[in-house]
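Geometric and topological summary
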Amino acid sequence: MTPRLGPLSPPSGVFALPHGDRRRWLVCAITALACGLWLAVLSPAHAASGEAAEPDTSYAAGLPELETLGLTLDQAQRLAAANSPSARAAVAALRSARGARMKEAGVFDPVFFGAEERVSTDSPVTSPFAGSQVRSRSLTGGLAWLSPLGTSVNLSLSQVRTETNAPFSTLPRERRAVARADFVQPLWHGFGPIAARGELRAADREVEAAREALAAATLDLDADVENAYWELYAAERRLAVQRLLRQRAAVFLRDQLLRGRAGVVGPGAVAIARTFLAEQETALLDAHLRAAGASDRLGQVMGARPEGEALYQSLDEPGAPPPVEPLGTVLARALGANPSLRAARADSAAGRARARSAAWNASPTLEAFGGYGASGLAGTGRQIVFGSDTVGTVFDTGFGDAWSQVGGRDYPAWNFGLRLRMPLGWRADRGERERQQGNYQRAIEALRARRLALESAVRAAHREAGISQRELEAARTLVSAAEEQTRIARLEYQAGRGTAYDLVNLEADLAAARLRDTEVRVRIARATTELRRLTTSFPGRTNQ
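Quick summary incoming for the structure in this document. Since this is a predicted model, take the numbers as computed values, not measurements.

Brief notes about the nonpolar core
Taken as a class, soluble globular proteins show a tendency for nonpolar side chains to be buried jointly. In terms of nonpolar packing, the biggest core is built from 25 residues, with Val225, Trp230, Leu298, Met302 and Tyr312 touching the most fellow members. Looking at this core, the elements that each hand over two or more residues are helix H2 (73-83), helix H5 (198-262), helix H6 (267-302) and helix H11 (500-535). Considering each element in turn, this core owes the most residues, ten residues, to H5. Each residue touching Met302, except ones within four places of it in the same chain, is listed here: Leu71, Ala76, Leu79, Ala80, Asn83, Ser84, Val225 and Tyr312. Counting residues in each nonpolar core, the second largest holds 20 residues, with Ala249, Leu253, Phe276 and Leu277 among its members.

Regarding the environment of Thr477
Position of Thr477 among the secondary structure elements: in helix H10 (residues 427-494). Here Thr477 falls in the exposed class, since its relative accessible area comes to 53%. Each C-alpha atom, one on Thr477 and one on Ala513, is 9.4 Å from the other, the two residues being 36 residues apart in sequence. At 3.0 Å, the side chain of Thr477 and the backbone oxygen of Glu473 are in polar contact.

Observations regarding H2
By the burial criterion, the buried members of H2 are Leu73, Ala76 and Ala80. With its buried residues spanning 60 degrees around the axis, H2 presents them on a single face. Turned more than 90 degrees away from the buried face of H2 sit Arg78 and Ala81, all of them exposed. Looking at the buried positions of H2, the neighbouring elements they touch are strand S1 (68-71), H5 and H6.

Basis of the calculations
Residues numbered from 1 in each chain as written. Predicted model: local features only at pLDDT ≥ 70, side-chain atom pairs only at ≥ 80, totals over all residues. Heavy atoms only, no water. Core = buried A, V, L, I, M, F, W, Y, C linked by side-chain atoms within 4.5 Å. Buried < 20%, exposed > 50% of the residue type's maximum accessible area, 1.4 Å probe, protein only. Helix = DSSP H or I, 4+ residues; strand = E, 2+ residues; numbered from the N terminus. Contact = heavy atoms within 4.5 Å. Polar contact = N/O pair within 3.5 Å; in protein donor to acceptor, adjacent residues only side chain to side chain. Arc of directions from axis to C-beta.

The structure is reproduced here in structure tokens:
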């Protein structure tokens, strides 16, 4: 039935609006029509803004891809050996110890000495028998040696030519030759190898300690590089897992937005998806910073960094875990081969040598000294007339005649004696003895502390290696179960039998399981590295 306009006056029995009410009704109708047209205009803009707000579902998630430098574990260790400050410092310490030992050994090297001297003296005279001019030339040479018993030996040869203008000298040109052997033998202080060579023996032990310290520093460097390398590996795997998880969260949010527009899910499901994506984006940024920090730490340990803003990238994977030996076997090998413990033993031996030397040298100084020699005389002789007497003869002989007299011991000379030196109070030598005894006791306690620390470290690494292998099996089982559980949850969610909240929780559990697997593998690698560091005597050598 088509409606028609009736007359201005309503029929009988029909309610008629007043004139003012009809005007208000028309205004409301026009306003409603205008609002509808406005909503119709704005609806495409709102749709476009909703489409623009869809999340980024790419793998990179908008993060800039930094330049990376691939590095194997062997390359990292080679770079560290060539550039690490700790390795260079250990080499320098060994060089210093060898230099100190060479210096102490040089005390017992024979010393050759020689000298030539000319003297010209002009002096006034007060006697007719004295000369106003004296000219001399001397040549001296010999050998000095300190024996391991503390004996000081001095062998010397000298010849002196002297000329004088004394008017009554029968030998105006004199040629004198002297050969002599002198010795000083300590009887208390400084006697014997303990006292005389105590510092040299200590220096020998310090060279051994520095050599073991170099081996320990090299092993520590290799272990630090390997640990930093596996830390970088774990950080990279964590970043990869987090990128994948963030990508899945973005895809999940996009699906929820589409389902919400279709009216399949409500605002609560979309809010859960947005929260999950925000959490994963925050975790992704944190993982990115951790990976960059792990690369920086590896560069710091190696002493070499890539150019610019490039980051190191690990290329190796942790190997299969080796079988774990019994604890007693590992402990015995560590106590016999660990270079740090052997260096502590050498330091203790050095302290013992110095303590024994100081104890012996705390005695008073009593020395026997003496010497034996011979001399010869030659030159140019002349006669001197005193009134009716003639003194002297005319001759001219050289140094050969003088040395012949020395060899024939025509004019021998010797001496022998004892001398004693005892300071009042006797504090210097006794104080040195107490100081060296204290240093020796400190070295003994340092050795004991090092042994205890080594045993604790070996036990901890052995325990972690054994437990981590079983934990690796459990982690692999956990990853497989989490993957299967997440797969089933996705299917149930797509079929409408699961909730978004359950799927988000399972995705997070899967990511945690994968990260746990990576952490366990890295822990096994670290435990293996620690056991190798503690039970190896030298880098590259395996003690069985």
